[in-house]
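# Chains, contacts and geometry: an overview
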Amino acid sequence: MAENNYLLETKDLGISFGGLKAVQDLNLRIKKNEIYGLIGPNGAGKTTAFNILTGVYQPTTGSYIFDGEEIHGLKQDAINKKGIGRTFQNIRLFNNMSVVRNVMVGLANLPEYKCNVFESIFRLPRHFKVEKAMRARAKELLDIFGLLEERNNLACNLPYGKQRKLEIARALATGPKLLLLDEPAAGMNPQETAELVETIRFVRDHFDMTILLIEHDMSLVSGICDEVTVLNFGQTLAQGNVADVLHDPAVVKAYLGD
C-alpha cells in the first residue's frame with residue numbers, strides 16, 4: 001500500500017513490444033500536490049510510460065497504485081474516472097467544435113452533469129439545466145486560461161499556443177487528481193512558455209492538483225518541477241531533486257553525448 005502522502009506509486013513497471021523493452025523497472029513515487037517531471041532524450045520511453053499510466057497500454061511487468069488503489073488492468077475510461085487526466089504530445093482537440101464545447105466534452109463524464117437518455121431525447125427541463133451548468137463551468141475553466149473570449153470560435157482556428165491551453169483546460173474538466181501533461185510547451189514561444197509556467201503553478205495551487213509532465217525545455221523543468229525522473233532507452237537513468245539530477249554527468253551525457 002502506498003504511503004498516505006503519495007498519490008502515485010509504481011513498482012517495477014514495464015512494457016515490452018515483442019523483444020523490445022520500451023519501458024522497464026519504472027519506480028515513481030509522486031507526492032500529492034507535487035509537480036513532477038519525466039524527462040529524457042527522444043525515444044526514451046516517456047510517452048509510453050504515460051500510455052501505461054492512463055490505460056492505453058497494459059504493462060507486462062510491475063504494478064502501480066493510485067490514491068491508495070491498485071489500478072493495473074483498468075481501461076482508459078475507468079482510469080480517467082479514478083482521477084487521472086492527460087494531454088497528448090500531438091494535440092487532440094475536436095477541431096470542428098467550438099472552444100467551449102471542447103471543454104464541455106470533458107465535463108460530460110462527471111456525475112453531476114449526467115442526464116439519462118429519456119431526458120436528453122425529449123429535451124426535458126433537466127437536460128437544459130445540466131447543459132447550462134456545464135457551459136458555466138466550462139467558461140470558468142476557459143477564463144483561467146485566458147480563452148473566455150474565444151469560447152465560440154472553432155478550436156481549429158485558435159493559434160497553436162492557445163490550442164495547447166485548451167487541451168489542458170479540457171483535461172482539467174474531467175476532474176482529475178493527477179494531471180499528466182505531455183510536452184505542454186512544445187511549439188510555444190518564450191512568452192507563451194512563461195505564461196504556461198504560471199498557469200501550471202496556478203492549476204496546482206487552485207485545484208490542489210498533482211502534476212506529472214514530460215518536457216524537453218530544461219529551463220521550464222528546472223523552474224517548475226519539484227522532482228524529476230530521467231529515462232534513457234526505457235530505463236531510469238537518474239531520479240530525485242531537479243538541480244542534482246540535471247547536473248548528473250550521466251544525464252548530461254545522455255542529452256549532449258560525450
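Note that this is a predicted model, so its numbers are computed, not measured.

We now examine the overall build of the protein. What the protein contains, in helices and strands, is 10 helices and 11 strands. A globule of 258 residues ought to have a C-alpha radius of gyration of about 18 Å, and the protein, at 19 Å, matches this closely. If one aligns the C-alpha atoms of the protein with their principal axes, the spans along those axes are about 65 × 40 × 35 Å. Evaluated residue by residue, the protein yields a buried proportion of 47% over its 258 residues.

All right, on to the nonpolar core then. Ranked by internal contacts, the top residues of the largest apolar core, which has 45 residues, are Val103, Leu166, Leu179, Ile211, Leu213 and Ile224. The residues that make up this core include at least three from each of domain 1 (1–83 + 176–258) and domain 2 (94–169). Not counting residues within four places of it along the chain, the set of residues in contact with isoleucine 211 comprises Glu34, Ile35, Tyr36, Leu178, Leu179, Leu181, Ile200, Val203 and Arg204. Grouped together as the second largest cluster of nonpolar side chains are 26 residues, Leu53, Ile79, Ile84 and Leu178 included.

Before going further, it helps to examine the pattern of salt bridges. Per the counting criterion, the structure on display carries 12 salt bridges. With its nearest N and O atoms 3.2 Å apart, the salt bridge here joins lysine 165 to glutamate 195. With lysine 165 in helix 6 (residues 160–173) and glutamate 195 in helix 7 (residues 190–206), the pair connects residues that are 30 residues apart, well separated along the chain. A residue is classified by how much of its surface remains accessible, and lysine 165, at 12% relative accessible area, is buried. Residue classification places glutamate 195 among the partly exposed residues on the basis of a relative accessible area of 35%. One salt bridge in this structure joins arginine 170 and glutamate 167, with 3.9 Å as the shortest N-O distance. With arginine 170 and glutamate 167 both in helix 6 and three residues apart, the pair spans about one turn of that helix. Like arginine 170, the residue glutamate 167 is buried in the burial classification.

To continue, consider the packing of helix 3 (residues 99–107) against helix 6. The N-to-C vectors of helix 3 and helix 6 enclose an angle of 30°; their axes lie 7 Å apart at closest approach. Classified by the interaxial angle, the pair formed by helix 3 and helix 6 is roughly parallel. Relative to helix 6, the crossing made by helix 3 is right-handed. For the pair helix 3 and helix 6, the contacting residues are Val99, Asn102, Val103, Gly106 and Leu107 in the first and Leu166, Ala169, Arg170 and Ala173 in the second.

Take the domain arrangement of the protein next. What the domain assignment reports for the protein is domain 1 (1–83 + 176–258) and domain 2 (94–169). Across the contact, 17 residues belong to domain 1 and 10 residues belong to domain 2. With both sides pooled, the region where domain 1 packs onto domain 2 buries about 1,000 Å², and carbon together with sulfur makes up 69% of that total. Of all residues in domain 1, Met188, Thr199 and Phe207 give up the largest surface area on contact with domain 2, accounting jointly for 32% of the area buried on that side. Viewed at the interface, domain 2 and domain 1 are joined by one salt bridge. For the pair domain 1 and domain 2, the number of links is two residue pairs in polar contact (both at pLDDT 80 or more). Of all the secondary structure elements, the ones that give two or more residues to the side of domain 1 that touches domain 2 are strand 8 (178–182) and helix 7. For the side of domain 1 that touches domain 2, the element with the most residues is helix 7, which contributes seven residues.

Pairing is mixed in the open sheet, where six strands are placed in the order 7-8-9-4-10-11. Either end of the sheet is taken by a strand with one partner, and the two such strands are strand 7 (84–86) and strand 11 (235–241). On average, adjacent strands in this sheet sit at an angle of 15° to one another, irrespective of strand direction. One ladder, built from four bridges, connects strand 4 (residues 35–39) with strand 10 (residues 227–232); its direction is parallel. The residue bridging leucine 38 from the neighbouring strand is threonine 229, located in strand 10.

Before going further, it helps to examine the environment of leucine 231. Residue placement: leucine 231 occurs in strand 10. Here leucine 231 falls in the buried class, since its relative accessible area comes to 0%. Sequence separation of leucine 231 and lysine 139 is 92 residues, and the distance between their C-alpha atoms is 38 Å. The residues touching leucine 231, leaving out its near neighbours within four places in the chain, are Leu26, Leu38, Ile39, Gly40, Pro41, Ala44, Gly45, Lys46 and Thr236.

Turning next to the pairing of strand 2 (residues 20–26). Of the strand pairs in this sheet, strand 1 (residues 6–17) and strand 2 are connected by four bridges, and their pairing is antiparallel. Paired with leucine 13 across the strands is leucine 26, a residue of strand 2. In textbook terms, the turn of a hairpin is the stretch between consecutive antiparallel strands, and for strand 1 and strand 2 this stretch comprises two residues, one of which, glycine 18, has a positive phi near 65°.

Definitions and cut-offs
Residues numbered from 1 in each chain as written. Predicted model: local features only at pLDDT ≥ 70, side-chain atom pairs only at ≥ 80, totals over all residues. Heavy atoms only, no water. Helix = DSSP H or I, 4+ residues; strand = E, 2+ residues; numbered from the N terminus. Rg over C-alpha atoms; globule rule 2.2 N^0.38 Å. Buried < 20%, exposed > 50% of the residue type's maximum accessible area, 1.4 Å probe, protein only. Core = buried A, V, L, I, M, F, W, Y, C linked by side-chain atoms within 4.5 Å. Domains from an automatic or database assignment. Contact = heavy atoms within 4.5 Å. Salt bridge = Lys/Arg side-chain N within 4 Å of Asp/Glu carboxyl O. Axes fitted to C-alpha atoms, helices over the stretch in contact; angles between N-to-C directions. Parallel < 35°, antiparallel > 145°, perpendicular 65-115°, else oblique. Left-handed = near helix turned anticlockwise from the far one by under 90°. Buried area = accessible area lost by both parts, 1.4 Å probe. Polar contact = N/O pair within 3.5 Å; in protein donor to acceptor, adjacent residues only side chain to side chain. Pairing = 2+ DSSP bridges.

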